[in-house]
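The residues making up each chain are set out below.
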Amino acid sequence: QVRLVESGGGLVQAGGSLRLSCAVSGRTFSATSVAWFRQAPGKDREFVATMRWNGDNIKYQDSVMGRFAISRDNGQRTVHLQMNSLKPEDTATYFCAAALPRLKSYLTLAREYDDWGQGTQVTVSS
């Protein structure tokens, strides 16, 4: 019902920046949660950031606080993840996801999300 397409990944040196985009189509609600997750080789899928479609209920993984920012462009129906001060440990495939409105204030578990994009690769060189 909700389709998501990520873009913006690439290769960047440590300390650099990337801005990921997730184009969203389909029905969304103010309380729809959108999120970024990432998965590195040999590791579980990890929560990165989430927000409600209306911009409320923003939450970040501790390791990215102060470096990453999630936002939404209303006109383009696009969710962004601005990533600054990138570290090699940020290297992963990044996925955007969307979840129907739920009672829980912050959705940080992959199983809570209903729709996923295909992912975009981010590689941070040392």
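Refer to the structure presented above.
What you are looking at is a predicted structure, and each value in this text was computed from that prediction instead of being measured.

Parameters and conventions
- Residues numbered from 1 in each chain as written.
- Predicted model: local features only at pLDDT ≥ 70, side-chain atom pairs only at ≥ 80, totals over all residues.
- Heavy atoms only, no water.
- Disulfide = S-S within 2.5 Å.
- Helix = DSSP H or I, 4+ residues; strand = E, 2+ residues; numbered from the N terminus.
- Buried < 20%, exposed > 50% of the residue type's maximum accessible area, 1.4 Å probe, protein only.
- Salt bridge = Lys/Arg side-chain N within 4 Å of Asp/Glu carboxyl O.
- Polar contact = N/O pair within 3.5 Å; in protein donor to acceptor, adjacent residues only side chain to side chain.
- Contact = heavy atoms within 4.5 Å.
- Pairing = 2+ DSSP bridges.
- Axes fitted to C-alpha atoms, helices over the stretch in contact; angles between N-to-C directions.
- Phe/Tyr/Trp six-rings, centres within 6.5 Å; stacked < 30°, edge-to-face > 60°.
- Lys NZ or Arg CZ within 6 Å of the ring centre and 35° of its normal.

1. Observations concerning the state of the cysteines
Simply put, disulfide is the name for a covalent bond between the sulfur atoms of two cysteines.
Thought 1: Throughout the structure, instances matching the rule amount to one disulfide.
Thought 2: The disulfide partner of Cys22 is Cys96, and the gap between their sulfur atoms is 2.1 Å. Every disulfide takes its handedness from the sign of the S-S torsion; for Cys22 and Cys96 that torsion is 65°, giving right-handed. With Cys22 in strand β3 (residues 18-26) and Cys96 in strand β9 (residues 92-99), the pair connects residues that are 74 residues apart, well separated along the chain. Each member of the pair, Cys22 as well as Cys96, is classed as buried.

2. Looking at the pattern of salt bridges
Thought 1: On inspection of all chains with the given rule, the structure shows five salt bridges.
Thought 2: When the shortest N-O distance is used, the salt bridge between Asp114 and Arg102 registers 3.4 Å. In this pair, Asp114 sits in the loop between β9 and β10 (115-116) while Arg102 sits in the loop between β9 and β10, placing the two residues twelve residues apart along the sequence.
Thought 3: What makes Asp114 partly exposed here is its relative accessible area of 38%.
Thought 4: The class of Arg102 is partly exposed, set by a relative accessible area of 35%.

3. Quick notes on the side chain of Thr28
Thought 1: Mapped onto the elements, Thr28 comes out in the loop between β3 and β4 (33-39).
Thought 2: Polar contacts involving the side chain of Thr28 include one to the side chain of Trp53, which spans 3.3 Å.
Thought 3: Filtering out sequence-adjacent residues up to four positions away, Thr28 remains in contact with Trp53 and Arg77.

4. Things to note about the side chain of Thr120
Thought 1: Examined against the element boundaries, Thr120 turns out to sit in strand β11 (residues 120-125).
Thought 2: Taking relative accessible area as the criterion, Thr120 reaches 11% and is therefore assigned buried.
Thought 3: Polar contacts involving the side chain of Thr120 include one to the main-chain amide nitrogen of Gly9, which spans 3.1 Å.
Thought 4: Apart from the residues lying within four places of it in its own chain, the contact partners of Thr120 are Glu6, Ser7, Gly8, Gly9, Leu20, Ala92, Thr93 and Tyr94.

5. Regarding the sheet that holds strand β7 (residues 68-73)
Thought 1: Strand order across the open sheet formed by four strands is β1-β3-β8-β7, with antiparallel pairing between neighbours. Each end of this open sheet is capped by a strand with a single partner; those strands are β1 (2-7) and β7. Sheet twist, expressed as the mean angle between neighbouring strand axes with direction ignored, is 20°.
Thought 2: Pairing between β3 and strand β8 (residues 78-83): six bridges, direction antiparallel. Bridged to Leu20 within β8 is Leu81.

6. Notes on the packing of aromatic side chains
Thought 1: All told, the structure shown has five aromatic pairs when counted by the stated rule.
Thought 2: Between Phe37 and Tyr113 the ring centres are 5.4 Å apart and the planes differ by 75°, which places this aromatic pair in the edge-to-face class. Taken as a pair, Phe37 in strand β4 and Tyr113 in the loop between β9 and β10 lie far apart in primary sequence, 76 residues in all. By the burial criterion, Phe37 is buried, and Tyr113 matches it.
Thought 3: An aromatic cluster of three or more residues is present, and its members are Phe37, Phe47, Phe95, Tyr113 and Trp116.
Thought 4: The residue whose ring lies beneath Arg45 is Phe95, and the NZ or CZ to ring-centre distance is 3.9 Å.
Thought 5: Positioned over the ring face of Trp53 is Arg72, at 4.1 Å from the centre of the ring.

Any link to function would need more than the numbers given here.
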